[in-house]
Amino acid sequence: MTKTPAEVALMAESGRLLASVFARLDELQLIGMSTLEVNNRVEAFIVDQLEARPASKGQYGYGFVLNSSRNEVVCHGVPSRDEILQDGDIVNFDITLEKNGYIADSSKTYLIGDVAPSARRLVDTAYVAMWKGIQAVRPGAALGDIGFAIERHAKRNGYSVVRDYCGHGIGREMHEAPQVLHFGKPGTGLVLREGMVFTIEPMLNQGRRTVRTKADGWTVVTLDAQLSAQFEHTVAVTKDGVQVLTLRPEETRAAAHIV
């Protein structure tokens, strides 16, 4: 489950490129775009400009380069030409990228136009919850410390944490050991050590944490049809703490303020 310094460096390069994909998304006027158009633009940017591979396409038979999870969709939303992003929506884009044989994985929930304060608060809380989990990463800490930090922040703000899906180790394969739960007890679970690389990707719901999968076999939605929000980063355990491999440029100051 551990990577060499050379492998971590290669993963950091994949992460840097993936961060640039989100920077490109930040520049788009998303209102009125279909989620399929977003998918196609991301694919063109990854393949043609970054000369990398969109790692999700073809994974487990999935036909697209990203998941587009809008409003009550928790995760694994499938892009569609018929799904148009509307003023007031929230939408998570979950994207993976492989370069030089190593994969990076990240997601961000976007606020589309004039979003209701209640939806904005959910999104803000999900973002901070991810960072609370990242802050718990260091050699000698336990996986339970990460989950505890995330769920404590979510519950303090009145939200539930989805338990059906979790973070995961990552490297040459998309999903490697260990599983990284977004709930837990301090001091329990696998002890972290330098060189481990995994994702932290909590999904917070306005209502209950229960979910269901739609008939397409992919799209996961909240059972009570309330909103869900998610953020994700790929991180590496370092000698002294943690390195966020998919850190976006605008996050450098924000992350320091949060933690």
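Preceding this section is the structure that the text describes.
Here's a quick rundown of the structure. (Residues numbered from 1 in each chain as written. Predicted model: local features only at pLDDT ≥ 70, side-chain atom pairs only at ≥ 80, totals over all residues. Heavy atoms only, no water.)

**Quick notes on the packing of helix α3 (residues 117-135) against helix α4 (residues 143-156)**
Argument step 1. Put simply, α3 and α4 touch, their axes get as near as 8 Å, and they point 155° apart. Compared by their axis directions, α3 and α4 come out roughly antiparallel. In the packing of α3 onto α4, the handedness of the crossing is right-handed. Contact residues: T125, V128, A129, K132 and G133 in α3; I146, A149, I150 and H153 in α4.
Argument step 2. Grouping the amino acids of the contact of α3 with α4 by side-chain chemistry returns 5 nonpolar, 3 polar and 1 charged. (Axes fitted to C-alpha atoms, helices over the stretch in contact; angles between N-to-C directions. Helix = DSSP H or I, 4+ residues; strand = E, 2+ residues; numbered from the N terminus. Parallel < 35°, antiparallel > 145°, perpendicular 65-115°, else oblique. Left-handed = near helix turned anticlockwise from the far one by under 90°. Contact = heavy atoms within 4.5 Å. Nonpolar A, V, L, I, M, F, W, Y, C, P; charged D, E, K, R; others polar.)

**Overview of the sheet that holds strand β2 (residues 73-75)**
Working definition: the strands of a sheet are paired by backbone hydrogen bonds and lie parallel or antiparallel to each other.
Argument step 1. The strand order across the open sheet built from 3 strands is β2-β11-β10, with neighbouring strands paired in antiparallel fashion. Looking at which strands have only one partner, the edges of the open sheet turn out to be β2 and β10 (211-213). Across this sheet, the average inter-strand angle for adjacent strands is 40°, counted without regard to direction.
Argument step 2. Pairing of β2 with strand β11 (residues 220-222), which is carried by 2 bridges, proceeds in the antiparallel orientation. Among the inter-strand pairings, V73 is bridged to a residue of β11, identified as V221. (Pairing = 2+ DSSP bridges.)

**Brief notes about the pattern of salt bridges**
Argument step 1. Applying the stated rule across the entire model yields 14 salt bridges.
Argument step 2. E13 is the partner of R16 in a salt bridge, and the nearest nitrogen-oxygen pair spans 2.8 Å. Of the two residues, R16 and E13 both sit in helix α1 (residues 5-26), 3 residues apart, roughly one turn of that helix.
Argument step 3. The exposure class assigned to E13 is partly exposed, which follows from its relative accessible area of 28%. (Salt bridge = Lys/Arg side-chain N within 4 Å of Asp/Glu carboxyl O. Buried < 20%, exposed > 50% of the residue type's maximum accessible area, 1.4 Å probe, protein only.)

**Looking at the nonpolar core**
Argument step 1. Ranked by size, the top nonpolar core spans 32 residues in total, and within it I90, I146, L192, F198, I200 and L204 carry the most contacts.
Argument step 2. Breaking this core down by element, the ones donating at least two residues are α3, α4, β8 (197-200) and β13 (233-237).
Argument step 3. Per element, the largest residue contribution to this core is 9 residues, and it comes from α3.
Argument step 4. For L192, the contacting residues outside a window of four places in its chain are V137, R138, P139, G140, A141, L143, I146, F198 and V237.
Argument step 5. The next biggest cluster of nonpolar side chains, apart from the first, holds 23 residues, and it includes L17, L25, V38 and I112. (Core = buried A, V, L, I, M, F, W, Y, C linked by side-chain atoms within 4.5 Å.)

**Considering the packing of aromatic side chains**
Argument step 1. Under the definition given, this model contains 5 aromatic pairs.
Argument step 2. The aromatic ring of F183 is capped on one face by R163, whose charged end is 4.0 Å from the ring centroid.
Argument step 3. Above the plane of the ring of F22 lies R248, whose end atom (NZ or CZ) is 5.2 Å from the centre. (Phe/Tyr/Trp six-rings, centres within 6.5 Å; stacked < 30°, edge-to-face > 60°. Lys NZ or Arg CZ within 6 Å of the ring centre and 35° of its normal.)

**So, the sheet that holds strand β5 (residues 160-161)**
Argument step 1. Taken in spatial order, the 3 strands of this open sheet run β5-β9-β12, and their pairing is antiparallel. Each edge of the sheet is formed by a strand with only one pairing partner; in this case those strands are β5 and β12 (228-230).
Argument step 2. Note that β5 and strand β9 (residues 203-205) share 2 bridges and pair antiparallel. Looking across to β9, one finds that S160 is bridged to N205.

Without other data, these values stay purely geometric and don't point to any function.
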